[in-house]
Amino acid sequence: MKAIVVRTFGGPEALELEEAELPSPAAGEALVAVSAAGVNFMDTGTRRGLTPGKSAPVVPGVEGAGTVLAVGPGVVDIRPGDRVAWYFAWGSYAEQLIAPADQLVPLPDDLSFEDGAGIMMQGLTASNLVFESHAVKPGDVALVHAASGGVGLLLTQMIKLLGGEVIARVSSEAKVALAREAGAAHVLVGRGDEIGDRVLAITGGRGVDVVYDGTGAESFRTSLDLVDYHGTLALFGPLMEPLPPIDPFSIPKSIKITYPVVMHHVRTRAALLARSRQLFDWLRSGELRLHIGQSYPLAAAADAHRDIESRRSTGKLLLTP
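To keep things clear, this report deals only with the structure shown in the data block. (Residues numbered from 1 in each chain as written. Predicted model: local features only at pLDDT ≥ 70, side-chain atom pairs only at ≥ 80, totals over all residues. Heavy atoms only, no water.)

## Examining the nonpolar core
- Of all hydrophobic cores here, the largest spans 49 residues; its most connected members are Tyr 87, Ile 119, Ile 159 and Tyr 212.
- For this core, the secondary structure elements donating two or more residues are helix 2 (113-133), strand 8 (141-144), helix 3 (150-161), strand 9 (165-170), helix 4 (176-181), strand 11 (208-213) and helix 8 (269-285).
- At nine residues, helix 2 tops the list of elements feeding residues into this core.
- If sequence neighbours within four positions are ignored, Tyr 212 has contacts with Leu 129, Val 130, His 134, Val 136, Ala 142, Leu 143, Val 144, His 145, Leu 155, Ile 159, Ala 234 and Phe 236.
- Judged by nonpolar contacts, the second largest core, of 29 residues, contains Ala 37, Val 39, Leu 317 and Leu 319. (Core = buried A, V, L, I, M, F, W, Y, C linked by side-chain atoms within 4.5 Å. Buried < 20%, exposed > 50% of the residue type's maximum accessible area, 1.4 Å probe, protein only. Helix = DSSP H or I, 4+ residues; strand = E, 2+ residues; numbered from the N terminus. Contact = heavy atoms within 4.5 Å.)

Written out as structure tokens, the structure reads:
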């Protein structure tokens, strides 16, 4: 089978298509034929050697969907022939992978493999943000940075589903329509440090109940200033630009700052199945729409990384082995 292998950490050119072999699945594992793999910004960190515990050679990618080919001893709830999706199984940039069986969730027959690979990581991340980091309630006003990205589009839709109102920030006029289609009440174009006055004008000077910020240093101080009393600043993204030091005594309001991790949202298999099922149900009902920005053949993984790092892309990027 073919896989994308990084033998020397570096730029997108480090992603090379090679022949590879996999062992038979061990106890608790499954062999899966990958039909679609999600491209996430964290994958660029793996390629650059920034993932703790991962040394070269390494096959990047953690998210995808496909069909179970075989299972190892002790696996009882996943069988060969099952359609499955996953949000975290290393080696997903490949035609096949060995995955922990407890990370695989059943994919409904009326959803495509592209749906499964496109919704898992970013959908669970958005779910974590609206249910755990700040439980969105009717009437809440949220500021969503990078609202035309994969997480941002899902996050905007979920906030609206839960009765909240979204002020979306995008980086260019070309991305405004996507944010509006996702349900944003207001869309602001500009850098994260340029929009403070406009947000205050929209909210009558009070700020917002929650800011969801995955962009880092550029917007941090503005995000901090825009959170209303007892509101939340939720920072997310494993490769966020480093933040400036902050003295908690310098914050003029009583607010909460959190850095949620998606794994903590689905710490048990029961939670993973329940949260995934909710995402699938929203997709099937049409309440949640998945925007696939672009799909690339496996051999073009380097192009996908160039597009996601340039931040020119919108929505979810996929690889199709």
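## A few points about the pattern of salt bridges
- Inspection of the entire model under this criterion finds 16 salt bridges.
- Notably, a salt bridge pairs Arg 275 with Glu 132, separated by 3.4 Å at the nearest N-O pair. Placement of the pair is Arg 275 in helix 8 and Glu 132 in helix 2, with a sequence separation of 143 residues.
- One salt bridge in this structure joins Arg 206 and Asp 209, with 3.0 Å as the shortest N-O distance.
- In this structure Asp 209 comes out as buried when scored by relative accessible area, which is 17%.
- The network of salt bridges with common partners includes Arg 169, Arg 191, Asp 193 and Glu 218. (Salt bridge = Lys/Arg side-chain N within 4 Å of Asp/Glu carboxyl O.)

## Looking at the sheet that holds strand 9
- The parallel open sheet is built from six strands, whose spatial order is 10-9-8-11-12-13. The open sheet has two edge strands, strand 10 (186-189) and strand 13 (256-258), and neither has a second partner. Averaged over all adjacent pairs, the angle separating strand axes in this sheet is 15 degrees, with direction ignored.
- Looking at chain direction, strand 8 and strand 9 are connected through four bridges and run parallel. Paired with Leu 143 across the two strands is Ile 167, which belongs to strand 9.
- Those strands touched by helix 6 (residues 217-226) are strand 8, strand 9, strand 11, strand 12 (227-235) and strand 13, and its axis lies near 150 degrees from that of strand 12. (Pairing = 2+ DSSP bridges. Axes fitted to C-alpha atoms, helices over the stretch in contact; angles between N-to-C directions.)

## As for the packing of aromatic side chains
- With the rule as written, the count across this model stands at three aromatic pairs.
- On the numbers, 6.1 Å between centres and 50 degrees between planes, the contact of Tyr 87 with Phe 88 is tilted. Of the two residues, Tyr 87 and Phe 88, neither departs from the other in class, the shared state being buried.
- With 5.6 Å between their ring centres and 80 degrees between their planes, Phe 88 and Trp 90 make a pair best called edge-to-face.
- The exposure class assigned to Trp 90 is partly exposed, which follows from its relative accessible area of 25%.
- What links up through ring pairs into an aromatic cluster is the set Tyr 87, Phe 88 and Trp 90.
- Positioned above the aromatic ring of Phe 113 is the side chain of Arg 83, whose terminal nitrogen or guanidinium carbon lies 4.5 Å from the ring centre.
- Above the face of the Phe 131 ring, Arg 275 is positioned so that its terminal group lies 4.8 Å from the ring centre. (Phe/Tyr/Trp six-rings, centres within 6.5 Å; stacked < 30°, edge-to-face > 60°. Lys NZ or Arg CZ within 6 Å of the ring centre and 35° of its normal.)

## Considering helix 6
- Here helix 6 has its buried residues at Ser 219, Phe 220, Thr 222, Ser 223, Leu 224 and Leu 226.
- Residues of helix 6 that are buried sit in contact with strand 8, helix 5 (196-202), strand 11, strand 12 and strand 13.

## Notes on the packing of helix 2 against helix 3
- Axis separation between helix 2 and helix 3 bottoms out at 9 Å; the angle between their running directions is 45 degrees. Judged on the interaxial angle alone, helix 3 and helix 2 are oblique. Judged by the twist between their axes, the crossing of helix 2 over helix 3 is right-handed. Taking contact as the criterion, the partners of Ile 119, Gln 122, Gly 123, Thr 125, Ala 126, Ser 127, Leu 129 and Val 130 in helix 2 are, on helix 3, Gly 150, Val 151, Leu 154, Leu 155, Met 158 and Ile 159.
- Classifying every residue of the contact of helix 2 with helix 3 gives nine nonpolar, five polar and no charged. (Parallel < 35°, antiparallel > 145°, perpendicular 65-115°, else oblique. Left-handed = near helix turned anticlockwise from the far one by under 90°. Nonpolar A, V, L, I, M, F, W, Y, C, P; charged D, E, K, R; others polar.)

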